[in-house]
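Residue strings, one per chain:
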Amino acid sequence: MIRRLCAVWHARNLEFLRDRGSLLFTLVLPLSIIIGIGIIFGGPPRPLFTVGVLGGPAALAHNRFAHTRYVRFLPISSRQAGLREVRHDHIALLLAPGPPLHFWVNTRSPKGYIVEKLLRAADRSAVRLPVSGRQIRYIDWLFPGILAMNMMFSCLFGVGYVVLRYRQSGFLKRLHATPLTAFEFLSAQVLSRLGIILLITTVLYTVVGAMIHFHDAGNLALLLLIAALGALAMIALGLTVAARLASEELVNGLLNLLTWPMVMLSGAWFSLAGAPRWLRWIADALPLTQLLHAARAVMLYGAGLGAIAPNLIYLAVVTLVFLGIGAASFKWRI
Amino acid sequence: MSVPILEVRDLVKRYAAITAVNGLSFRVPPGMCFGLLGPNGAGKTTTMEIMEGILAPSSGTVSYRGEPLGERFREEAGILFQATALQHFLTVRQSLALFRGLYTRGRDIDELLHLCSLEALAERDNRKLSGGQRQRLLLAIALVNDPAVLFLDEPTTGLDPQARRNFWELVGAVKEQGKTIILTTHYMDEAEILCDEIAIVDHGRIVAEGEPRRLLREHFAAVLLELPRAAFPPAARTLPLQFLETQERVEITTDDLDATLRTLIGAGVPLASLRMRPPNLEDLFLELTGHELRA
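Residues numbered from 1 in each chain as written. Chains lettered and ligands numbered in written order. Predicted model: local features only at pLDDT ≥ 70, side-chain atom pairs only at ≥ 80, totals over all residues.

Trainee: Explain the overall build of chain A to me, please; I cannot follow it from the model alone.
Mentor: Counting secondary structure elements, chain A contains twelve helices and five strands. Oriented by its inertia axes, the alpha-carbon framework of chain A measures out at about 80 × 50 × 35 Å. Taken across its 334 residues, chain A has 37% of its residues classed as buried. Within chain A, contacts between residues at least 6 apart in sequence are counted, and of these 73% link residues at least 24 apart. (Helix = DSSP H or I, 4+ residues; strand = E, 2+ residues; numbered from the N terminus. Buried ≥ 20, exposed ≤ 12 C-beta atoms within 10 Å, placed from the backbone. Contact = placed C-beta atoms within 7 Å.)

Trainee: Where do I start with the overall build of chain B in this structure?
Mentor: Regarding its fold elements, chain B presents ten helices and 14 strands. Considering only C-alpha atoms, chain B reaches an extent of 70 × 45 × 35 Å along its principal axes. Expressed as a percentage of its 295 residues, the buried residues of chain B come to 39%. Here the contacts in chain B between residues at least 6 apart in sequence split such that 71% fall between residues at least 24 apart.

Trainee: Looking at this structure, I do not really get the interface of chain B and chain A. What am I missing?
Mentor: Frequently, the measure chosen for interface size is the accessible area removed from exposure when the parts meet. If you look at the interface, chain B gives 15 residues, while chain A gives ten residues. With three residues, helix α2 (residues 71-76) of chain B is the single largest residue contributor to the side of chain B that touches chain A. Grouping the amino acids of the side of chain B that touches chain A by side-chain chemistry returns nine nonpolar, two polar and four charged. (Nonpolar A, V, L, I, M, F, W, Y, C, P; charged D, E, K, R; others polar.)

Trainee: Is there a simple way to think about the confidence of the model for chain B in this case?
Mentor: Regions with low pLDDT carry predicted coordinates that are not meant to be interpreted in detail. Residues at a pLDDT of 70 or more form 97% of chain B, whose mean pLDDT is 87. Taken element by element, chain B is modelled with least confidence in helix α10 (residues 281-289) of chain B, mean pLDDT 77, and with most confidence in strand β4 (residues 59-64) of chain B, mean pLDDT 95. (pLDDT = per-residue confidence, 0-100.)

Trainee: What exactly am I supposed to notice about the sheet that holds strand β7 (residues 149-153) of chain B here?
Mentor: All names here are of chain B. Here six strands make up an open sheet; going across it, the order is β6-β7-β8-β3-β9-β10 and the pairing mixed. The open sheet is flanked by β6 (77-80) and β10 (205-210), the only strands paired with a single partner. Mean inter-strand twist for the sheet, computed between neighbouring axes without regard to direction, equals 15°. Examined bridge by bridge, strand β9 (residues 197-202) and β10 share five bridges and lie antiparallel to one another. Looking at β10, one finds that D202 is bridged to R205. Where α10 meets the sheet, its contacts fall on β3 (33-37), β9 and β10, and the angle it forms with β9 comes to roughly 35°. (Pairing = 2+ DSSP bridges. Axes fitted to C-alpha atoms, helices over the stretch in contact; angles between N-to-C directions.)

Trainee: So what exactly am I meant to see when it comes to the nonpolar core here?
Mentor: One broad rule of soluble globular proteins: the nonpolar side chains tend to lie buried together. Within the largest apolar cluster, 66 residues are counted, with the highest numbers of intra-cluster contacts made by B:A140, B:F151 and B:I182. Among the elements that line this core, the one with the most residues is helix α5 (residues 131-142) of chain B, at six residues. For B:I182, the contacting residues outside a window of four places in its chain are B:V28, B:F34, B:L36, B:M48, B:M51, B:V149 and B:F151. Counting residues in hydrophobic clusters, the runner-up holds 63 residues, among them A:L255, A:L258, A:A294 and A:A295. (Core = buried A, V, L, I, M, F, W, Y, C linked by C-beta atoms within 7 Å.)

Trainee: Explanation requested: helix α3 (residues 79-88) of chain A in the structure shown.
Mentor: Residue and element names in this part refer to chain A. Buried within α3 are the following residues: G82, L83, E85, V86, R87 and H88. Of the surrounding secondary structure, the elements contacted by the buried residues of α3 are β1 (49-54), β2 (71-76), β3 (93-96), β4 (102-105) and α5 (138-169). Remark: D89 follows α3 within two positions and exhibits a positive phi of approximately 70°.

Trainee: What should I look at first to understand the domain arrangement of chain A in this one?
Mentor: Residues and elements named next belong to chain A. Splitting chain A by domain gives domain 1 (49-129) and domain 2 (138-329). If you look at the interface, domain 1 gives seven residues, while domain 2 gives five residues. Looking at the side of domain 1 that touches domain 2, the elements with two or more residues in it are β2 and α3. Residues of the side of domain 1 that touches domain 2, tallied by class, amount to one nonpolar, three polar and three charged. (Domains from an automatic or database assignment.)

Trainee: Would you explain the sheet that holds strand β1 (residues 6-15) of chain B in this entry?
Mentor: Remark on secondary structure: sheet strands pair via backbone hydrogen bonds, oriented parallel or antiparallel. Residue and element names in this part refer to chain B. Spatially, four strands are ordered β2-β1-β4-β5 in an open sheet, and the strand pairing comes out antiparallel. Whereas interior strands pair on both sides, the edge strands pair on one side only; in this sheet they are β2 (18-28) and β5 (67-68). When β1 meets β4, the two strands line up antiparallel, connected through five bridges. Bridging across to β4, V8 finds its partner in V62. Taken strand by strand, helix α1 (residues 44-51) contacts β1, β2 and β4, and its axis lies near 120° from that of β1.

Trainee: Looking at this structure, I do not really get unusual backbone geometry. What am I missing?
Mentor: The bulk of non-glycine residues show a negative phi, and the bulk of peptide bonds are trans. The residue B:A16 is not glycine, and still its phi comes out positive at about 50°. Checked against the element boundaries, B:A16 lands in the loop between β1 and β2.

Trainee: What is the right way to read the pairing of β4(A) from this model?
Mentor: Consecutive residues of a regular strand have side chains that alternate between opposite faces of the sheet. All names here are of chain A. One ladder, built from four bridges, connects β3 with β4; its direction is antiparallel. Note that in β4 the partner of L94 across the bridge is W104. In this sheet, strand β5 (residues 127-129) lies alongside β4 in parallel orientation, the contact comprising three bridges. Counted as the bridge partner of H102 is V127 from β5.

Structure below.
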């Protein structure tokens, strides 16, 4: 038994070690994630709470609260923008330097509760103002992110792996012997996955939305357009990855390399407000970030087409670029 | 020769240091079953794939009805690869419908099911077919566009004898419809039954080409004598005979049977297990390539 086990073990090791692409990604992927997380979350002890200050932190310099350790003070340009961040729970408080100092707090936020206690200890005269409009719960803020991430995984892995399986099994080679063109084949894959993902997302949106009592502030047709463009961008990305490759492990590595940064940086789980500018530039380049910006703007604030047009244009461009690359580099056989 | 439906000219395919196809040229007239025979690695499948338009040659040309392979060829060619995977979770009928949808014209699916004896299997998952049933489905797929030229790359490899004969009957029926067939095979009996003309390929070159009977006449003047190898003593190897040794037997080619028998008796070779038969394509293949046939 041991001899047989060793024979299979040895052969599998050789297979793995000789598949250089997979080996590389087995090393590169975790290394990239660790380095990425290190860059984002590393460095000196980080502030625990973020407080927005109208007019910038300098306007608060004479207040004792400004010297509280582990609280970061962010400049906020307008009350409207600040209140939105409070409703989102992206900042614990919004301050309008006085005297007397006024502040807005999200009464549903645990962070808001703690930071209000710290503020009152430092400045008893601070005046609390109500946050007008609908309070946005964390689950409301998270809901578009979960839907978008599901779309991303389904599109990238669903399309990438299927094309890879077709190529590995020789089915693509058989199709190549017919009048079918690469563009027709890829278009069929795109449309099939698009239809499936829109149907699934609609069901999830309806069922989960009802379960969490989600109130959609926007236009559903616009939301469908965002979902369609977002899905198309992800599918195009998946097709580009699978356009030429024949190694399952390499494709898996590449898809993970694409999905991990999007999960971490798109703002699906947490806001990148306050992150270094270069990191936000990278985040903004990710299709999931654009999809989420547009989806949240419509779902949470009822934004119209004009407000999200840049996001939609970006997604459309990404789709065309990656579909072009995918079709041009497409390989029918191993 | 009539105007060829397919013409291969000076075909060369190189892979790094290996030349898989080395200057192949031949013409296939319409309605003919043309066999490409050769040992493993001879370049048959590479030649087929270039002819099918799915592999680019390093040099040389393939023309269909006098034109380079193009859209018309793809519409009018039917192909059965050595190993073809199908899309999962589709029935036999759905698999046919998928491929039927890829061509502008073609045959009715029920007609194909009948032609390839698949009616009873029409609603079965294509993953649940036996080897023979699967080959019949792949043949039906190759015929789905009512092709003018049909490529069959080792179509019966791995099938049991009954399934092979059944498949030959189907190919025979297709041939009767006037289709041109290009066949590669390891089985010489298959080539003898199906092919009107053959080309024997070795090391990427054609070593013989023509009608099987004519080739046999040209290369074998008379009969073949077969002896088990054990019955052929080492001393007999020095006799003035034309013979070929395989792992199990010794084959002696002669056009003077009496003289050969006298020589063997004189050398003390036991003739109890001697067999005499006319030469066949396998003998020709071994004569020309010196290779054992390997499935």
